[in-house]
Structures are given as C-alpha cells and as structure tokens.
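# Coordinate analysis (summary)
Here's the letter readout for the chains.
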Amino acid sequence: MIGSGLKKLAAEKGMTVARGVAYGAYQGFALTMNEGNGWKALQFATRFPEPAAEDALKCKLNTVDLNRTYRVRELTIGQRGIAVIFHDNPGTMKKIRAFLDWFMPLLEESGATKVSVCNECGCDIMSDDGWVLIDGVAHHMHTACKEKVKGELDAEHQERIEENGGSYLTGFLGALGGALIGAVVWAVVLLLGYVASLVGLLIGFLAEKGYNLAKGKQDKGKIAVLIIVIVLGVLLGTVAADAISLAQMINSGELYEYTYGDIPLLILFLLMNDAGYLMETLKNCGMGLLFAALGVFGLLRNAKKEVAGIRVIDL
C-alpha cells in the first residue's frame, strides 16, 4: 500500500507506482517505498563491496539517534538491501525527506551498489533487463538472475514444507482445540451482551497456535483449516451461550421440568419450533461471523503469506 505523501515524493523523483509500492532510481540507487498501518518504509536494494564498507556505514548510523531525529523505528541491513521503517505520524513525510537528505551521501560514500548493477550477480545491467518485486521490494536485475532467484526461493520454500512435515489431521485437531477455548470466551462475551471483533481475533490466534503446536502441514491448505475451525468456534460459542442461559434457568427452577441433559434437545426444539429464537440465533451467528472475520482478517493474511513463500513478480 502507498499513500499520497509517498506518491508525491515518487512523482518528484520520476519513480513508478505499481503493485502497492513506489519504486525506481533515487539518486542512483534502487529504492522501494511503501506503507501500512502506523508505518512507512524505505527499502534500498543494494549490496556492499566488502564487509568493511558495511561496518563503516553502521558506525556512521550509530552516531545519530535515528528515532528521535527522523522517527526511524527500525533500520536493518540485510543480504539484499537496507530497510528503514518509520513511525507514521503527522509530519513523518518531512522527516523522511530529511532522512534521505542525510542518508544518501552516506550510502554513496559506502560504495554500495547502484541501480545500474544487478543486485544478484553484481554485473552491469543491460537496457533489455527490468525490475522485479521480491517479497515486496523492487530489484533491478538481469532476467536470468531473476529466474535463478525465483527457482532458489521456490526450492527453499518446498524444502521447508518437507522438513516441517505434519498433516492436516493433526493440524485440524490442534486448531479445533484452540478454537474451542476461544469459543468459551465468545460464549461469556455473548452472555454479557456484547459481540466483539477482539474475541474473533482471539479465536483465530488460538486456532493458529493450536495448528502450529500440533505440527499441522504448512502449506495453502492451512488457511482452509483455520477458516473452518474459526467458523466452528463462533458457532459453538453462540450455542454455548444459549446452553449456559438454559442451565441457569434450570438451576433457578424457572425450567423445573428439565434437566441439564435435556439442554441439547431443548435448543434443537427451540430452533425448529420458535421462529423468534431461530432468528435471534441466526442474528447472533451472523454478527459473530462478521466480527470474527474483521478480527482475524490480518491474521489470516499473514498466515497466507507465510505458507505461500516469498513471491517474485515482474514489474
């Protein structure tokens, strides 16, 4: 995702906006800009000619309080580049521009590779080669290098899946156990007269935690399993709330002719014969599923990203 502030900066520098990022050459270096909830990021696709050059840059960076001066939340130098994450508050774009004015000369002095050099093989890039998005970061590299990187990442992802092993069955049972714990909380919240997306997030969190602890298979099928058990958690929580209410009525003598063992059949009878009860139950289930979906959307998106591996997209 990219907002108006970064789009304006990209337009000023002749950069391209696509696939939710702004990318291109910024003072000769390959730069990707994007943002999310509460953060903005600058990501340079570059490498250093030798470890000493990287160490020298780190020493210069350590002389400044980056958080206080530029609102930098995190600065990471990795194998394929440099990621700078900013706290996104009013005025952050001004801080980003100031940071770039200060940082770019340091990057130039370090001898880090520029946009005209392939970030994979280190050789000059010809005019017929282009940009590729690797895990959300734009790299300028040879077509052959892009295919090589894609093959390596696919192989690594497949190797991780095989190493993790596991099965959908154990994963489902673990996720179901987590969702049932969340369903108990859901039932209590309903009894108190609330429906909260936070509880939906709790069900999703516990379901995924259970799936992983039970060594569920880590591929795309994981998302389907999580969706199923989250829905089951919401539905069971809704029914459990009604069951607890009926148990309280039996305990108080209001339903003296029934026992606790009659509760499942009593709920079924009400669903089949009481239109008002049926509509209220469907309403609670619908609201519960809606709020659960809102609560776990981000969690499922992250889980999907984890099992999908690193994406390589031509730009």
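Throughout, residues of each chain are indexed from 1 in the direction in which the sequence is written. Reporting of local features is limited, given that this is a predicted model, to residues whose pLDDT is at least 70; pairs of side-chain atoms are given and counted only at 80 or more, and all residues count toward the totals for whole chains, interfaces and linings. Working from all heavy atoms in the structure, the side-chain values ignore hydrogens and water.

Looking only at helices and strands, one finds 10 helices and 9 strands in the protein. Each residue's exposure class comes from its accessible area (1.4 Å probe, protein chains only) as a fraction of the maximum for that residue type: buried when under 20%, exposed when over 50%, partly exposed otherwise. Burial statistics for the protein: of 315 residues in total, 41% are counted as buried. Here the contacts in the protein between residues at least 6 apart in sequence split such that 62% fall between residues at least 24 apart. For the accessible areas, the method is Shrake-Rupley and the probe is 1.4 Å, while residue cover comes only from the protein chains on display. For the protein, the accessible surface area stands at approximately 16,900 Å², while carbon and sulfur atoms represent 60% of it. Numbering of helices and strands starts at the N terminus; helices are DSSP runs of H or I of at least 4 residues and strands are runs of E of at least 2. What makes two residues a contact is simply this: any of their non-hydrogen atoms within 4.5 Å.

Every angle, taken between N-to-C directions, lies between 0 and 180 degrees, and every axis is a line fitted to C-alpha atoms, over only the stretch in contact when it is a helix. Two numbers describe how helix α6 (residues 168-191) lies on helix α8 (residues 221-252): the axes approach to 7 Å, and their chain directions differ by 35 degrees. Both α6 and α8 take part in a crossing whose hand is right-handed. Broken down by class, the residue content of the contact of α6 with α8 amounts to 21 nonpolar, 5 polar and 1 charged. Whether a crossing is left-handed or right-handed is set by the direction in which the near helix is turned from the far one by less than a right angle, anticlockwise for left-handed and clockwise for right-handed. Residue classes follow a fixed rule: Ala, Val, Leu, Ile, Met, Phe, Trp, Tyr, Cys and Pro count as nonpolar, while Asp, Glu, Lys and Arg count as charged, and any other residue, Gly among them, counts as polar.

To continue, consider the pairing of strand β2 (residues 21-26). Burial runs high along β2: 5 of the 6 residues are buried. Pairing geometry for strand β1 (residues 16-18) and β2, over 3 bridges, is antiparallel. Residue pairing for β2: Thr16 is matched across the bridge by Tyr23. Should DSSP find at least two bridges between two strands, the strands are regarded as paired. Linking β1 to β2, which pair antiparallel, is a turn of 2 residues; within it Arg19 sits at a positive phi near 55 degrees. As defined by bridge partners, β2 adjoins strand β3 (residues 29-36) across 5 bridges and the pair is classed as antiparallel. Counted as the bridge partner of Tyr26 is Phe29 from β3. Where β2 folds back on β3, the antiparallel hairpin that results is connected by 2 residues, among which Gln27 adopts a positive phi of roughly 50 degrees.

Here we take up the packing of aromatic side chains. Only Phe, Tyr and Trp rings take part, Trp by its six-membered ring, and two of them pair if their centres are within 6.5 Å. Stacked means planes under 30 degrees apart, edge-to-face means over 60, and tilted covers everything else. According to the stated counting rule, one finds 7 aromatic pairs in the structure shown. Look at Tyr70 and Trp102: their rings are 5.5 Å apart centre to centre, the planes differ by 25 degrees, and that puts the pair in the stacked class. Taken together, the residues span a long stretch of sequence, with Tyr70 in helix α3 (residues 66-70) and Trp102 in helix α4 (residues 92-110) at a distance of 32 residues. In this structure an aromatic cluster arises from ring pairing among Phe44, Tyr70, Phe86, Phe99, Trp102 and Phe103.

Turning to the pairing of strand β8 (residues 137-141), a few remarks are in order. When you tally the buried positions in β8, you get 5 out of 5 residues, the bulk of the element. The two faces of β8 match: Val137, His139 and Met141 on one face and Ala138 and His140 on the other face are all buried. Pairing analysis gives 5 bridges linking strand β7 (residues 130-134) to β8, with the strands arranged antiparallel. Paired with Gly130 across the two strands is Met141, which belongs to β8. In sequence, β7 turns back onto β8 through a hairpin of 2 residues, with Asp135 there showing a positive phi of about 55 degrees.

This part covers the packing of helix α1 (residues 4-12) against α4. Following both chains from N to C, one finds α1 and α4 inclined at 35 degrees, their axes separated by 10 Å at the closest point. Here the hand of the crossing between α1 and α4 comes out right-handed. Of the residues in α4, those touching α1 at Gly5, Leu6, Lys8, Leu9 and Glu12 are Met93, Ile96, Arg97 and Leu100. A per-class count over the contact of α1 with α4 returns 5 nonpolar, 1 polar and 3 charged.

Locating Thr238 in the fold gives a position in helix α8. Taking relative accessible area as the criterion, Thr238 reaches 2% and is therefore assigned buried. Think of a polar contact as two N or O atoms within 3.5 Å of one another; within protein, one of them needs to be a possible hydrogen donor and the other a possible acceptor, and neighboring residues in sequence only count if both atoms come from side chains. At 2.9 Å, the side chain of Thr238 and the backbone oxygen of Val234 are in polar contact. Non-local contacts of Thr238, meaning those with residues more than four positions away in its chain, are made with Trp186, Leu190, Thr281, Asn284 and Cys285.

Definition of nonpolar core: a set of buried residues of the types Ala, Val, Leu, Ile, Met, Phe, Trp, Tyr and Cys, connected through side-chain atoms within 4.5 Å. Ranked by internal contacts, the top residues of the largest apolar core, which has 32 residues, are Leu42 and Phe44. Counting residues per element, this core draws most heavily on α4, which supplies 8 residues. If we ignore the near neighbours within four places in the chain, the residues touching Leu42 are Leu31, Thr32, Met33, Ile82, Ala83, Val84, Phe86, Ile96, Phe99 and Leu100. Counting residues in hydrophobic clusters, the runner-up holds 17 residues, among them Ala175, Trp186, Leu190 and Ile203.

This next bit is on the sheet that holds β1. An order of β1-β2-β3-β4-β6-β5 is seen for the 6 strands of this open sheet, with the pairing classed as antiparallel. The open sheet is flanked by β1 and β5 (72-77), the only strands paired with a single partner. For this sheet, the mean angle separating the axes of adjacent strands, direction not counted, is 20 degrees. In the sheet, strand β4 (residues 39-45) pairs with strand β6 (residues 81-87) via 7 bridges, with the strands oriented antiparallel. What sits directly across from Phe44, in β6, is Ile82. The strands touched by α1 are β1, β2, β3 and β4; relative to β3, the strand with the most contacts, the crossing angle is about 160 degrees.

Criterion for a salt bridge: a side-chain nitrogen of Lys or Arg within 4 Å of a carboxyl oxygen of Asp or Glu. A full pass over the atoms with the stated rule returns 8 salt bridges. Two residues, Lys40 and Asp88, come together in a salt bridge whose shortest N-O distance is 2.8 Å. With a gap of 48 residues between them, Lys40 in strand β4 and Asp88 in the loop between β6 and α4 connect regions that are remote in the sequence. Its salt-bridge partner being Glu54, residue Lys58 comes within 3.1 Å of it at the nearest N-O pair. On the criterion of helical spacing, the pair formed by Lys58 and Glu54 is a turn pair, its members being 4 residues apart in helix α2 (residues 51-61).

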